[in-house]
Amino acid sequence: FDARQRGAAAEATWKHLFARYREAHPELAAEFTRTLAGDLPPEFHAAFDAHLAKVRAERASMATRQASQQALAALAPALSELFGGSADLTHSNLTHWPQARPAVADAGGNYLSYGVREFGMSAVMNGLALHGGLIPFGGTFLVFSDYARNAVRMSALMKQRVIHVYTHDSIALGEDGPTHQPIEHIASLRLIPNLEVWRPCDAVETTVAWREAIARRAGPSALVLSRQALPPMARDDAACAAIALGGYVLRRETGRLALLIVATGSEVSLADGAAETLEREGLGVRVVSLPCVERFLWQPDAYRDAVMPRGVPALGVEAGHPAGLASVLGPGSAVVGIASFGESAPGPQLMAHFGFTVDNVVARARRVLSRS
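Values in this document were obtained by computation on a predicted structure and should not be read as measured data. (Residues numbered from 1 in each chain as written. Predicted model: local features only at pLDDT ≥ 70, side-chain atom pairs only at ≥ 80, totals over all residues. Heavy atoms only, no water.)

Novice: Run through the overall build of the protein, naming residues and quoting values.
Specialist: In terms of regular secondary structure, the protein is built from 16 helices and 13 strands. On C-alpha atoms alone, the protein measures out to a radius of gyration of 22 Å, which is about the 21 Å that the 2.2 N^0.38 rule sets for 372 residues. Each principal axis of the C-alpha atoms in the protein carries an extent, and together these give about 75 × 45 × 40 Å. The proportion of buried residues among the 372 residues of the protein is 54%. Excluding contacts between residues fewer than 6 apart, the proportion of contacts in the protein whose partners are at least 24 apart in sequence is 76%. Summed over all atoms, the accessible surface of the protein reaches about 16500 Å², with 57% contributed by carbon and sulfur. (Helix = DSSP H or I, 4+ residues; strand = E, 2+ residues; numbered from the N terminus. Rg over C-alpha atoms; globule rule 2.2 N^0.38 Å. Buried < 20%, exposed > 50% of the residue type's maximum accessible area, 1.4 Å probe, protein only. Contact = heavy atoms within 4.5 Å. Areas by Shrake-Rupley, 256 points an atom, 1.4 Å probe, with all protein chains shown as cover.)

Pasting the structure below:
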């Protein structure tokens, strides 16, 4: 069992070989050393800044899975170590980008079609991250994260930079029905220690979520993305910068603060619409977007209290199990969520049927206020 002598010889051979390689190819050797160390190149940050500015200027309505694909197309060329893939659902997850090269046909490829192997894909990504030199990501539907859970847990346990891309994030995916409609999955993923779960509300939050997942070296991230188009939200430079903190004030109240409406993903626009209605009635309502609960909870108490002041009644809105947000909100709060399995129908009909409408959010907000 003593391999120290053979190991020392192998290491010496490798160091000699790499020294010769560095002399012959100094730029490639520097790139290899950088990627193995896990450092990001300056070009990546420049690409991110340019793409974020473009997304903010365009203010396009789109599904966050589509915004994710656009972010990949903008960021991947500046990140040679990015290695993507999908478990069967490439064309639904939109995890493929224009410059991607199939790893099967190209020895220098950077995209792998894993087949219907959610656990196998996630386990392979763990191995790639452990080896070093690559930043792996892989996609599937959110509901199928159940199949991958053991490997997702291991990526968190081993503190590896692995990016799990989960699309079709709610009942809004529509006619595929309850078997494909995630209910408990967001709340369940949030229970895994050291896993950051990002559920962005528009293209801007999606872009920032990708940047944060790529830059995070101490553990994995899950990007939870919508099938349906979501409207762009209005935010100033300060709010845009605060997205990376996991939670921020998207809409500030007029006058005395009476209620917080805290939402994630596709429900942020509902929260904003409800706040607008209640503000017309003279109520001071603040909308908090919470794209990453874990990141927000890591912030200093002073920041969290500034965003969500203690003692203020709160209403959470998330198209998933209410437990997903309930633990973040204070006493006397409520959550517009779904604690039952979905149904098979067009997405907009399902969202209305299960109460994910501006009118229902307004009604629930009034109930919360009546108890305070």
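Next comes the rest of the account.
Novice: Residue-level account of the environment of Ala222, with values.
Specialist: On the secondary structure map, Ala222 appears in strand β7 (residues 221-224). On a C-alpha basis, the gap between Ala222 and Val165 in space is 5.8 Å, while along the polypeptide they are 57 residues apart. Once residues within four sequence positions are removed from consideration, Ala222 is found in contact with His164, Tyr166, Leu195, Glu196, Val197 and Trp198.

Novice: Please give an account of the packing of aromatic side chains that cites residues and values.
Specialist: Applying the stated rule across the entire model yields 10 aromatic pairs. Among the aromatic side chains, those forming a connected cluster through ring pairs are Trp14, Phe18, Tyr21 and Phe32. (Phe/Tyr/Trp six-rings, centres within 6.5 Å; stacked < 30°, edge-to-face > 60°.)

Novice: So, the environment of Met121: which residues are in play, and what are the values?
Specialist: Structurally, Met121 can be placed in helix α6 (residues 118-131). Among all residues touching Met121, those that are not within four sequence positions of it are Ser86, Ala87, Tyr114, Gly138 and Gly139.

Novice: Break down the sheet that holds strand β4 (residues 135-141) for me, citing the residues and quoting the values.
Specialist: Read across the open sheet, the six strands follow the order β3-β2-β4-β5-β7-β6; overall the sheet is parallel. Only two strands of the sheet have a single neighbouring strand rather than two, namely β3 (111-113) and β6 (196-198). When the angles between neighbouring strand axes are averaged without regard to direction, this sheet yields 20°. (Pairing = 2+ DSSP bridges. Axes fitted to C-alpha atoms, helices over the stretch in contact; angles between N-to-C directions.)

Novice: Any details on unusual backbone geometry? Residues and values, ideally.
Specialist: Positive phi values are uncommon outside glycine, yet Leu94 reaches one of about 55°. For Leu94, the location among the structural elements is in the loop between α5 (90-93) and β3. The backbone phi angle of Asn194 is positive, close to 70°, even though this residue is not glycine. Here Asn194 shows up in the loop between α8 (185-190) and β6.

Novice: Report on the sheet that holds strand β10 (residues 259-263), specifying residues and quantitative values.
Specialist: Strands sit in the order β9-β11-β10-β12-β13 across an open sheet of five strands; the sheet is mixed. Strands with a single pairing partner mark the edges of an open sheet, and in this sheet they are β9 (248-251) and β13 (334-336). Neighbour-to-neighbour, the strand axes of the sheet open up by a mean angle of 30°, direction not taken into account. Of the strand pairs in this sheet, β10 and strand β12 (residues 314-317) are connected by four bridges, and their pairing is parallel. Bridge pairing in β12 links Ile261 to Leu315.

Novice: Before we move on, could you go through the pattern of salt bridges and cite the residues and values that matter?
Specialist: As enumerated under the stated definition, the model contains 22 salt bridges in all. Of the charged contacts, one joins Glu318 and Arg190 as a salt bridge, the two residues approaching to 2.8 Å between their closest N and O atoms. Of this pair, Glu318 sits in the loop between β12 and α14 (323-326) while Arg190 is found in helix α8, placing the two residues 128 residues apart along the sequence. When sorted by exposure, Glu318 lands in the same class as Arg190, which is buried. For Asp305, the salt bridge goes to Arg310, with nearest N and O atoms at 2.9 Å. According to the relative accessible area criterion, Arg310 is exposed, its value standing at 63%. Ionic contacts of the salt-bridge type, sharing partners, join the residues Glu196, Arg211, Glu212, Arg216 and Arg295 into one network. (Salt bridge = Lys/Arg side-chain N within 4 Å of Asp/Glu carboxyl O.)

Novice: Account for the packing of helix α11 (residues 268-280) against helix α16 (residues 358-371), naming residues and giving values.
Specialist: Remark: α11 packs on α16, axes separated minimally by 8 Å, with the N-to-C direction vectors making an angle of 60°. In terms of orientation, α11 lies oblique with respect to α16. Helix-helix and strand crossings are classified by hand; for α11 and α16 the assignment is right-handed. In this structure, α11 contributes Leu270, Gly273, Ala274, Thr277 and Leu278 to the contact, and α16 contributes Val358, Val361, Val362, Ala365 and Arg366. Split by residue class, the contact of α11 with α16 holds seven nonpolar, two polar and one charged. (Parallel < 35°, antiparallel > 145°, perpendicular 65-115°, else oblique. Left-handed = near helix turned anticlockwise from the far one by under 90°. Nonpolar A, V, L, I, M, F, W, Y, C, P; charged D, E, K, R; others polar.)

Novice: Before we move on, could you go through the side chain of Thr35 and cite the residues and values that matter?
Specialist: Among the structural elements, Thr35 can be located in helix α2 (residues 26-37). What makes Thr35 buried here is its relative accessible area of 11%.

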